[in-house]
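Working through the structure, step by step
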Amino acid sequence: MKVVGITGGIGSGKTTACKVFEQLGVPVYYADNRAKELMVNDKVLKDRIVAAFGDEAYINGRLNRAYLAAQVFNSKEKLSVLNGIVHPAVADDFDQWLEQQTSDYVLKEAAILFESGAYQDVDISVLVIAPEQLRIERVMARDGASEEDALRRMKNQWTQERKAKLADHILNNDGSELLIPQVLELHRKFSSK
Ligand code: ATP
């Protein structure tokens, strides 16, 4: 089964594009959402997080996101410890999910497909792009975020130009071209290969 990785900077519209693929019957694995679920529900993963970051990582069984974010924010070492715990758990979960799928191809949505190197594990990569200012406006409208907040969240991601060099396909979501025909075109390609 072909695995198509789909990514894009914050507010680019990758989830919106995935919803269109879903309408076409393509199964989508939302890696970031799933990681958050597993961090709360997967006992082994939880135990590992507590062993590395202490009991404060959870409050009454709920993930203490503020605490964990503060732990990893200024420490590359701690971030890599957390990723080293979470990524293998998500990879296993994805493999189990994949075994149950019967379509021609599946999508794996991830915010940092290129930054994390995960693009090397997918068969095809798709990058959703839109200009930074438009992405900021979309995030502000969607999350009620401030411009500073949106910019701060963008800062940890690679530029679109850097990602575009590695991407197999690009979906342009700047509003000048409709997204649905572009998705249909890719769907035809991915279904026939
Ligand atoms: P994040 O990384 O923050 O999860 P994302 O890349 O998944 O973002 P979406 O959530 O799909 O982005 O889109 C951001 C917002 O912009 C959403 O509210 C979505 O409805 C809106 N949006 C996306 N594409 C378009 C478009 N072509 N026209 C109008 N609004 C759009």
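Below you will find a few notes about this structure. (Residues numbered from 1 in each chain as written. Predicted model: local features only at pLDDT ≥ 70, side-chain atom pairs only at ≥ 80, totals over all residues. Heavy atoms only, no water.)

**Topic: the overall build of the protein chain**
The number of helices and strands found in the protein chain is nine helices and seven strands. Radius of gyration (C-alpha) of the protein chain: 17 Å, near the 16 Å computed for a compact globule of 193 residues. Projected onto its principal axes, the C-alpha coordinates of the protein chain cover approximately 50 × 40 × 30 Å. Counting over 193 residues, the protein chain shows a buried share of 44%. Long-range pairs, those at least 24 residues apart, make up 71% of the contacts in the protein chain with a sequence separation of at least 6. (Helix = DSSP H or I, 4+ residues; strand = E, 2+ residues; numbered from the N terminus. Rg over C-alpha atoms; globule rule 2.2 N^0.38 Å. Buried < 20%, exposed > 50% of the residue type's maximum accessible area, 1.4 Å probe, protein only. Contact = heavy atoms within 4.5 Å.)

**Notes on the environment of Ile129**
Along the chain, Ile129 falls in strand β6 (residues 124-129). Separated by 101 residues in the primary sequence, Ile129 and Val28 place their C-alpha atoms 19 Å from one another. When residues no more than four places from it in sequence are discounted, the contact partners of Ile129 are Gln160, Ile170, Leu171, Asn172, Asn173 and Asp174.

**Some thoughts on the side chain of Gln160**
On the secondary structure map, Gln160 appears in helix α8 (residues 160-164). When its relative accessible area of 16% is taken as the criterion, Gln160 is described as buried. Of note is the side chain of Gln160, whose polar atom sits 3.1 Å from the backbone nitrogen of Ala130. The contacts of Gln160, once residues within four sequence positions are left out, are Leu127, Val128, Ile129, Ala130 and Arg135. (Polar contact = N/O pair within 3.5 Å; in protein donor to acceptor, adjacent residues only side chain to side chain.)

**Quick word on the packing of aromatic side chains**
Under the defined criterion, the tally for this structure stands at five aromatic pairs. Both rings, one in Phe114 and one in Tyr119, keep their centres 5.2 Å apart while their planes meet at 45°; by these two values the pair is tilted. Using a relative accessible area of 1% as the deciding quantity, one classes Phe114 as buried. Cluster of aromatic residues (ring-pair linked, three or more members): Tyr29, Phe94 and Trp97. Over the ring of Tyr58 we find Lys46, and its NZ or CZ is 5.1 Å from the ring centre. Lying over the aromatic face of Trp158, Arg162 brings its terminal NZ or CZ to 3.7 Å of the ring centre. (Phe/Tyr/Trp six-rings, centres within 6.5 Å; stacked < 30°, edge-to-face > 60°. Lys NZ or Arg CZ within 6 Å of the ring centre and 35° of its normal.)

**Comments concerning the site of the ligand**
Every residue near the ligand is listed here: Gly9, Ile10, Gly11, Ser12, Gly13, Lys14, Thr15, Thr16, Arg138, Arg142 and Asn173. For the ligand, an oxygen atom lies 2.7 Å from a polar atom in the side chain of Arg142. Contact between the ligand and Asn173: a nitrogen atom at 2.7 Å from a side-chain N or O atom of the residue. Relative to its unbound accessible area of 630 Å², the ligand is 66% covered by the protein chains. Sorting the residues of the shell around the ligand by element identifies α1 (14-23) and α6 (132-143) as the ones contributing at least two each. With three residues, α1 is the largest single contributor of residues to the shell around the ligand. Taken together, the residues of the shell around the ligand break down into one nonpolar, seven polar and three charged. (Near = heavy atom within 4 Å. Areas by Shrake-Rupley, 256 points an atom, 1.4 Å probe, with all protein chains shown as cover. Nonpolar A, V, L, I, M, F, W, Y, C, P; charged D, E, K, R; others polar.)

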